[in-house]
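Residue-level structure breakdown
Residues per chain, in single letters:
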Amino acid sequence: MNNIQTADKVLYLDFDGVLHDDAVYWSPKRGIYIKTPGRTLFEWMPILDELLEPNADVKIILSTSWVRVKSFEFAKKHLSGTLQARVIGATYHRREMRGKGFELLPRGVQVWGDVVLRKPKSWFAIDNDDDAWTVWCRDKLVKTDDRFGLSDPAVQQAVRAMLEQL
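Bear in mind the structure is a predicted one, so any value in this text is a computation, not a measurement.

1. With respect to the packing of helix 1 (residues 45-52) against helix 7 (residues 153-165)
Between helix 1 and helix 7, the shortest axis-to-axis distance is 10 Å and the interhelical angle comes to 30°. Classified by the interaxial angle, the pair formed by helix 1 and helix 7 is roughly parallel. Our pair here, helix 1 against helix 7, has a crossing hand that is right-handed. Only Gln 156, Val 159, Arg 160 and Leu 163 of helix 7 make contact with helix 1, whose side of the interface consists of Ile 47, Leu 51 and Leu 52. By residue class, the composition of the contact of helix 1 with helix 7 is 5 nonpolar, 1 polar and 1 charged.

2. Concerning helix 1
Every α-helical turn comprises 3.6 residues, leaving residues that sit three or four positions apart pointing alike. What helix 1 keeps buried is the set Met 45, Leu 48, Leu 51 and Leu 52. The buried residues of helix 1 occupy an angular sector of 120° when projected down its axis, which confines them to one face. In helix 1, those exposed residues whose orientation departs by more than 90 degrees from the buried face are Pro 46 and Glu 50. The inward-facing, buried residues of helix 1 abut strand 1 (9-13), strand 4 (58-62), helix 4 (81-84), strand 6 (122-127) and helix 7.

3. Some details on the environment of Pro 46
The topology assignment puts Pro 46 in helix 1. For the pair Pro 46 and Asp 57, spaced 11 residues apart in the sequence, the C-alpha separation amounts to 18 Å.

4. Topic: the pattern of salt bridges
Side chains that differ in sign of charge can pair as their charged atoms come close. Overall, the coordinates contain 7 salt bridges when judged by the stated rule. Between Arg 118 and Asp 114 there is a salt bridge whose closest N-O contact spans 2.5 Å. Note that Arg 118 and Asp 114 are positioned in helix 6 (residues 107-118) at a spacing of 4 residues, about one turn of the helix. On the basis of relative accessibility, which here comes to 5%, the residue Arg 118 falls in the buried class. Asp 114 gets classed as buried once you look at its relative accessible area, which sits at 2%. Among the ionic contacts, a cluster of salt bridges with common partners joins Asp 14, Arg 107 and Asp 127.

5. Regarding helix 7
Across its 13 residues, helix 7 extends 19 Å between first and last C-alpha, which sits within 8% of the 18 Å expected from 1.5 Å per residue. The complete set of buried residues in helix 7 reads Val 155, Gln 156, Val 159, Met 162 and Leu 163. The buried residues of helix 7 occupy an angular sector of 120° when the element is viewed end-on, so they sit on one face. Across from the buried face of helix 7, at angles greater than 90 degrees, the exposed residues are Pro 153, Ala 154, Glu 164 and Gln 165. Of the surrounding secondary structure, the elements contacted by the buried residues of helix 7 are helix 1, strand 4, strand 6 and strand 7 (141-143).

Rules and cut-offs
- Residues numbered from 1 in each chain as written.
- Predicted model: local features only at pLDDT ≥ 70, side-chain atom pairs only at ≥ 80, totals over all residues.
- Heavy atoms only, no water.
- Axes fitted to C-alpha atoms, helices over the stretch in contact; angles between N-to-C directions.
- Helix = DSSP H or I, 4+ residues; strand = E, 2+ residues; numbered from the N terminus.
- Parallel < 35°, antiparallel > 145°, perpendicular 65-115°, else oblique.
- Left-handed = near helix turned anticlockwise from the far one by under 90°.
- Contact = heavy atoms within 4.5 Å.
- Nonpolar A, V, L, I, M, F, W, Y, C, P; charged D, E, K, R; others polar.
- Buried < 20%, exposed > 50% of the residue type's maximum accessible area, 1.4 Å probe, protein only.
- Arc of directions from axis to C-beta.
- Salt bridge = Lys/Arg side-chain N within 4 Å of Asp/Glu carboxyl O.
- Expected span 1.5 Å × (residues − 1).

Pasting the structure below:
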């Protein structure tokens, strides 16, 4: 993979179940939407902005399926300007990977593969999917609840603790 960006401190960021409720769907008429009444896309994004604000050196790798399903640019443009400025890549690389093969890999394996590739000095992930996170990197995962994501104060505290460890 040519021109792959890396950083010393990296956050692997999922969207669904983290920045908003996990019940996200797509239809030709409505586009991307949340089925859960009263919920909106990216409603908890300001929480992540606030958590990261004192940590200017933390960069973001998108580990969301939005990159594979739509595109890297599509996913990135849905973030706030401050978060967009931190984004240096994604775990999925359209030119280098087969979508179906990547899709079949558990999220933990997808993230670990990117860690091996980029070799950040320190990293952690925020994700609602804890399937197949290997023993040697499970302690790097801040697991969110599908319905509460970053709105959960316990998750916010866990993110703060991870940022302090970086």
